[in-house]
Amino acid sequence: MKKHIILFLAGISVLFMANCTPEKQQSNSEISGELVIFHAGSLSGPLHEIADSFNVHYPDVNIKLEASGSVDAARKITDLDREADIMASADYKVIEELLIPEFTSWLIKFASNELALVFNEKSRYASKINQDNWPEILLRKDVSYGRSDPNSDPCGYRSVIAIKLAKKYYKKNQFAEKLLNKNKNFIRPKETDLLALLETNALDYIFLYRSVAEQHELKYLSLPDSINLGSPQLKKYYSTISTEISGKTPNEKITIKGEPMVYGITQLNDAPNPSVAKVFMHFVLSQDKGLKIMENNGQSSVVPAKQTKYESIPKDFKQYVRPEN
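Residues numbered from 1 in each chain as written. Predicted model: local features only at pLDDT ≥ 70, side-chain atom pairs only at ≥ 80, totals over all residues. Heavy atoms only, no water.

Caption draft 1: Representation of the overall build of the protein in the model. Of regular secondary structure, the protein possesses 13 helices and 14 strands. Rg of the C-alpha trace for the protein: 22 Å, near the compact-globule value of 20 Å for 325 residues, within the 12% margin. Overall, the protein is about 85 × 45 × 40 Å in size when its C-alpha atoms are taken along their principal axes. Here the protein, with 325 residues, has 51% of them falling under the buried criterion. Taking as baseline every contact in the protein between residues at least 6 positions apart, the subset at least 24 positions apart corresponds to 72%. Taking the average location of the 41 positive side-chain charges in the protein and that of its 40 negative ones, the two points are 7 Å from each other. (Helix = DSSP H or I, 4+ residues; strand = E, 2+ residues; numbered from the N terminus. Rg over C-alpha atoms; globule rule 2.2 N^0.38 Å. Buried < 20%, exposed > 50% of the residue type's maximum accessible area, 1.4 Å probe, protein only. Contact = heavy atoms within 4.5 Å. Lys, Arg positive; Asp, Glu negative; His and termini not counted. Charge placed at Lys NZ, Arg CZ, Asp CG, Glu CD.)

What follows is the structure in structure tokens.
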């Protein structure tokens, strides 16, 4: 009898420990109020799905999602003194360069992506374009293409780097210079702003994340791995190319080196609703919840990713990262 009681108590203890995850330290009714999230435009689709799924568990939370280019999202915090609980960037380095250490002390790398050349059935030369001839087609006078603003959006400076990598890959002198000076009137603040121009046939092609193309069921040309910034194995090769964007002050410039695409997320120091922000962060970073939704939207998880400042990560978020060494 005594043995049965001990086993019973042990079972209760295991169940109790299993339910003491960071998300369950509060009851659902205590998790309420407004949650403000500034995020990259390319995260609009998956974050709306994640927010809907979160609200099934926590219906008393009013989630406000505000999309923009990631650099612009950071500047809402640094320059405009806008309040937000969470910032999710298409490039973790935006958080690292613009928000740490004043506005947050840590970040989690959580998803990946790659650059693609997106078009539709009415785009000029849509039936002929391929991995070998796309540089030549984009330079044609009767073809128009669009990209996002490098000073506002990671997709913008990644497009510049990809174009420079294409010059190197195809050994085409002056290709990057010519293409970067072409169709400047079609540069937009964030990559998703280009979708309407493509849909109305104002543009033939746009540089866009593959995940966004797939979410919108658009045609796209996969670029070679040496160009698309999607291969971790080519990190050293990508880093041979760089570009400059505006820094924290009007006269400051930040040099951006090419590297594999990695998204970052953080909870801000002055989050108005920190307890709910923490629960939402765990929800996003859980393999069977937020990361599963990200995967379904074409963005692979990189959790747990190596972290250079591992010691800065809060204790209950260390499960999502690993030390650099």
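Caption draft 2: Structural detail: the sheet that holds strand 8 (residues 205-209). A sheet is described by the order of its strands in space; here five strands give the open sequence 7-6-8-5-9, paired in mixed fashion. Looking at strand neighbours, the two that pair on one side only are strand 7 (187-188) and strand 9 (219-222), the edges of this open sheet. Alignment of strand 5 (residues 115-119) against strand 8, held across four bridges, turns out to be antiparallel. In the sheet register, alanine 116 faces strand 8, and the bridge partner there is leucine 208. The sheet contacts of helix 6 (residues 154-170) involve strand 5, strand 6 (145-148) and strand 8, and relative to strand 8 the element is tilted by about 115 degrees. (Pairing = 2+ DSSP bridges. Axes fitted to C-alpha atoms, helices over the stretch in contact; angles between N-to-C directions.)

Caption draft 3: Fine view of the nonpolar core. Formed by 103 residues in total, the largest nonpolar core has its most connected members in Phe110 and Trp134. With nine residues, the single largest contributor to this core is helix 6. For tryptophan 134, the contacting residues outside a window of four places in its chain are Leu117, Ile129, Ala166, Tyr170, Phe175, Phe207, Leu221, Leu223 and Ile227. (Core = buried A, V, L, I, M, F, W, Y, C linked by side-chain atoms within 4.5 Å.)

Caption draft 4: Focus on the side chain of lysine 76. Positionally, lysine 76 belongs in helix 3 (residues 70-78). Excluding its chain neighbours within four sequence positions, the residues that come into contact with lysine 76 are Phe38, Glu66, Ala67, Ser68, Asp81 and Arg82.

Caption draft 5: View of the sheet that holds strand 12 (residues 262-267). The sheet built from five strands is open, its strands ordered 2-1-3-12-4 with mixed pairing. Taken across any chain shown, the strands that pair with only one partner, and hence form the sheet edges, are strand 2 (61-68) and strand 4 (108-112). Direction aside, neighbouring strands of the sheet carry axes that sit 20 degrees apart on average. Strand direction decides the pairing type here: strand 1 (residues 33-40) and strand 3 (residues 86-89), joined by three bridges, are parallel. From the neighbouring strand, phenylalanine 38 faces strand 3, where its bridge partner is methionine 87. Contacts from helix 2 (residues 44-57) reach strand 1, strand 2 and strand 3, with the element oriented near 175 degrees to strand 2. Along the sheet, helix 12 (residues 274-285) makes contact with strand 1, strand 2, strand 3, strand 4 and strand 12, crossing strand 12 at roughly 155 degrees.

Caption draft 6: Highlighting the packing of aromatic side chains. Inspection of the entire model under this criterion finds 13 aromatic pairs. Pairing tryptophan 134 with tyrosine 170 gives two aromatic rings, centres 6.0 Å apart and planes at 80 degrees, and the pair type is edge-to-face. Taken as a pair, tryptophan 134 in helix 5 (residues 134-138) and tyrosine 170 in helix 6 lie far apart in primary sequence, 36 residues in all. Take tryptophan 134 and tyrosine 170: they sit in the same class, and that class is buried. Pairwise contacts between aromatic rings join Trp134, Tyr145, Tyr169, Tyr170, Phe175 and Phe207 into one cluster. If you follow arginine 140 out to its NZ or CZ, it ends over the ring of tyrosine 125, 4.4 Å from the centre. (Phe/Tyr/Trp six-rings, centres within 6.5 Å; stacked < 30°, edge-to-face > 60°. Lys NZ or Arg CZ within 6 Å of the ring centre and 35° of its normal.)

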